[in-house]
Amino acid sequence: MQRVPFNSKDHLEIEEKVSDKTGSYRNLSPEALYTSFEDFEAIFSSPFVSGTFVDLGCGSGLGCLQYAERFPDRASIGIDFEEARIAHGLSLKEESGLK
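Everything numeric in this text was worked out from a predicted model, so none of it was measured.

1. What about the overall build of the chain?
(1) Moving on: When you go through the chain residue by residue, the secondary structure sums to five helices and two strands.
(2) Moving on: Start at the N end of the chain and walk to the C end: the helices and strands fall as α-α-α-β-α-β-α.
(3) Moving on: Within the chain, buried positions represent 33% of all 99 residues.

Put into structure tokens, the structure is as follows:
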């Protein structure tokens, strides 16, 4: 998967909509949200990875999108309670053409 281009304006708009709920980690740095590609690539390269990928606290769902692109015949499920991040993830999914 290509790294999602970072857009600081989008990031600020999304983070402004994030709640102050416990566990929401409001105002995370862009690096915290957008640098996990290398981590996911290392995990997904393991020969033991199979089946459905579930990401609890998925944020914008970048891990799910990366898994879906790498393994199009498998399911990925992202769970998060922040509507702004989920909405952003759904727009990324639509832009990528993934199902």
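2. Let's talk about helix H4 (residues 62-70)
(1) Moving on: Among the nine residues of H4, seven are classified as buried, and the element is accordingly described as predominantly covered.
(2) Moving on: When H4 is considered as a whole, its buried residues turn out to be Leu-62, Gly-63, Cys-64, Leu-65, Gln-66, Tyr-67 and Ala-68.

3. A word on the environment of Leu-90
(1) Moving on: Counting through the fold element by element, Leu-90 comes out in helix H5 (residues 83-96).
(2) Moving on: The exposed category is assigned to Leu-90, whose relative accessible area is 51%.
(3) Moving on: Residues Leu-90 and Leu-65 lie 25 residues apart in sequence; the distance between their C-alpha atoms is 9.6 Å.

4. Focus: the nonpolar core
(1) Moving on: In this structure, Phe-40, Phe-44, Val-49, Phe-53, Cys-64, Tyr-67 and Phe-71 together form the largest nonpolar core, which totals seven residues.
(2) Moving on: Sorting the residues of this core by element identifies helix H3 (37-44) and H4 as the ones contributing at least two each.
(3) Moving on: Those residues in contact with Phe-53 that lie beyond four places of it in its chain are Phe-40, Phe-44, Gly-63, Cys-64, Tyr-67, Ala-75, Ser-76 and Ile-77.

5. What about the pairing of strand S1 (residues 53-56)?
Looking along a regular strand, one sees side chains alternate from face to face of the sheet.
(1) Moving on: What you see with S1 is a clean split: Phe-53 and Asp-55 sit on the buried side and Val-54 and Leu-56 on the side with no burial.
(2) Moving on: Pairing analysis gives four bridges linking S1 to strand S2 (residues 76-79), with the strands arranged parallel. Of the residues in S2, the one forming a bridge with Phe-53 is Ser-76.
(3) Moving on: The parallel pair S1 and S2 is bridged by H4, and the resulting crossover is right-handed.

6. Digging into the environment of Gly-51
(1) Moving on: Relative to the assigned elements, Gly-51 resides in the loop between H3 and S1.
(2) Moving on: The class for Gly-51 is partly exposed, based on a relative accessible area of 38%.
(3) Moving on: Taking C-alpha positions, Gly-51 is 6.1 Å from Arg-74, a pair spaced 23 residues apart along the chain.
(4) Moving on: Ignoring sequence-local partners within four residues, the contact set of Gly-51 consists of Tyr-67, Arg-74 and Ala-75.

7. Let's talk about the packing of aromatic side chains
(1) Moving on: Following the criterion strictly, the structure yields four aromatic pairs and no others.
(2) Moving on: For the ring pair Phe-44 and Phe-53, a centre distance of 5.1 Å and an interplane angle of 85 degrees mean the geometry is edge-to-face. With respect to class, Phe-44 is no different from Phe-53; both count as buried.
(3) Moving on: On the numbers, 4.9 Å between centres and 65 degrees between planes, the contact of Phe-44 with Tyr-67 is edge-to-face.

What counts and how
- Residues numbered from 1 in each chain as written.
- Predicted model: local features only at pLDDT ≥ 70, side-chain atom pairs only at ≥ 80, totals over all residues.
- Heavy atoms only, no water.
- Helix = DSSP H or I, 4+ residues; strand = E, 2+ residues; numbered from the N terminus.
- Buried < 20%, exposed > 50% of the residue type's maximum accessible area, 1.4 Å probe, protein only.
- Core = buried A, V, L, I, M, F, W, Y, C linked by side-chain atoms within 4.5 Å.
- Contact = heavy atoms within 4.5 Å.
- Pairing = 2+ DSSP bridges.
- Right-handed = clockwise from strand over helix to strand, strands pointing away.
- Phe/Tyr/Trp six-rings, centres within 6.5 Å; stacked < 30°, edge-to-face > 60°.

Taken by themselves, the reported measurements are silent on function.
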